[in-house]
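Secondary and tertiary structure notes
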Amino acid sequence: MNTRVENRRTDDEQRAPALQLMALLDRHLTLHQHLLQLAYQKTDVLKRGDMDGLMQLIQKEQTAIAAIQQLERERAQLVAAWSDGGHPLTLADCLSKMDEEERQKAEQLASELLDVINELQAVNELNGQLIRQSLQWVTLMLDQLMPQPPNVNYTAPNQSTRQYGHGRSRSLFDSKA
């Protein structure tokens with residue numbers, strides 16, 4: 001009877017890192033899904049041009065990213081403890097140490113996490129394009145409001161036109177005032 005209790009205890013001790021890893025993967029997935037929702041909200045905010053809303057979303061994103069970084073530190077510590085002092089384990093190495101049921105659950109979580117991360121990258125790329133387009137529009141409007149003065153002096157084709165201004169362009173504000 002004693003050996004059965006001892007065997008169950010060692011089985012539980014061996015399963016503990018696997019269960020902890022699955023819990024970490026699940027929290028990673030939840031946080032990345034939250035980050036994905038924020039990215040979609042950011043797309044809407046960028047389309048509307050709502051700068052206050054954008055700043056609020058950026059703060060929420062930073063909070064989520066900090067939580068993900070903390071989870072990643074916990075995962076690294078767990079995997080390091082599970083590696084028995086050898087080289088750092090990858091997720092595939094950890095999966096091989098799990099029983100079949102745990103392995104399938106962990107693989108499912110990892111697959112879902114990868115899908116969310118890929119979607120998050122695509123949405124962030126779209127948001128980056130929207131930001132670049134907004135900056136191009138602002139630059140175009142500034143150029144229209146403040147056209148560059150025509151060059152009234154003759155310059156040779158290979159001579160710089162900024163020779164007399166020491167490389168500075170005209171500014172909106174007079175800094176010598």
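Above this text you will find the structure in question.
This one's a predicted model, so the numbers in the text were calculated from it and none came from an experiment.

A word on the side chain of His 28. Along the chain, the position of His 28 falls in helix H1 (residues 2-48). On the accessibility criterion, His 28 (6% relative accessible area) is buried. In this structure, His 28 is in contact with Ile 68, Leu 71, Glu 72 and Leu 113, ignoring residues within four places of it in sequence.

Bringing the environment of Leu 29 into the picture now. In this fold, Leu 29 is placed in helix H1. Spatially, the C-alpha atom of Leu 29 lies 8.2 Å from that of Ala 110, the residues being 81 residues apart in sequence. Non-local contacts of Leu 29, meaning those with residues more than four positions away in its chain, are made with Leu 109, Glu 112, Leu 113 and Val 116.

This part takes up the side chain of Asn 127. Locating Asn 127 in the fold gives a position in helix H4 (residues 100-145). At a separation of 3.1 Å, a polar atom in the side chain of Asn 127 contacts the main-chain carbonyl oxygen of Ala 39. A polar side-chain atom of Asn 127 sits 2.4 Å from a polar atom in the side chain of Thr 43. In this structure, Asn 127 is in contact with Ala 39, Lys 42, Thr 43 and Leu 46, ignoring residues within four places of it in sequence.

A grouping of Trp 137, Val 138, Leu 140, Met 141, Leu 142 and Leu 145 is seen on the molecular surface, where their side chains present a nonpolar patch of about 610 Å² in accessible area. Mapping Met 141 onto the fold places it in helix H4.

The next thing to look at is the pattern of salt bridges. A side chain with one charge can pair with a side chain of the opposite charge if their charged atoms come near. Considering all chains together, one arrives at 6 salt bridges under this definition. In this structure, Arg 27 engages Glu 74 in a salt bridge whose closest nitrogen and oxygen atoms are separated by 2.7 Å. Here Arg 27 is found in helix H1, whereas its partner Glu 74 is found in helix H2 (residues 51-82), with 47 residues between them in sequence. By relative accessible area, Glu 74 is classed as partly exposed at 28%. Where Glu 61 meets Lys 42, a salt bridge forms, and the shortest distance between an N and an O atom there is 2.7 Å. Linking Glu 61 in helix H2 with Lys 42 in helix H1, this pair joins segments that are 19 residues apart in sequence. Judged by relative accessible area, which is 11%, Glu 61 ranks as buried.

What counts and what doesn't
Residues numbered from 1 in each chain as written. Predicted model: local features only at pLDDT ≥ 70, side-chain atom pairs only at ≥ 80, totals over all residues. Heavy atoms only, no water. Helix = DSSP H or I, 4+ residues; strand = E, 2+ residues; numbered from the N terminus. Buried < 20%, exposed > 50% of the residue type's maximum accessible area, 1.4 Å probe, protein only. Contact = heavy atoms within 4.5 Å. Polar contact = N/O pair within 3.5 Å; in protein donor to acceptor, adjacent residues only side chain to side chain. Patch = residues over 30% accessible without salt bridge, like charges linked within 9 Å, V, L, I, M, F, W, Y side chains within 5 Å. Areas by Shrake-Rupley, 256 points an atom, 1.4 Å probe, with all protein chains shown as cover. Salt bridge = Lys/Arg side-chain N within 4 Å of Asp/Glu carboxyl O.

Interpretation in functional terms is not warranted from these geometric data alone.
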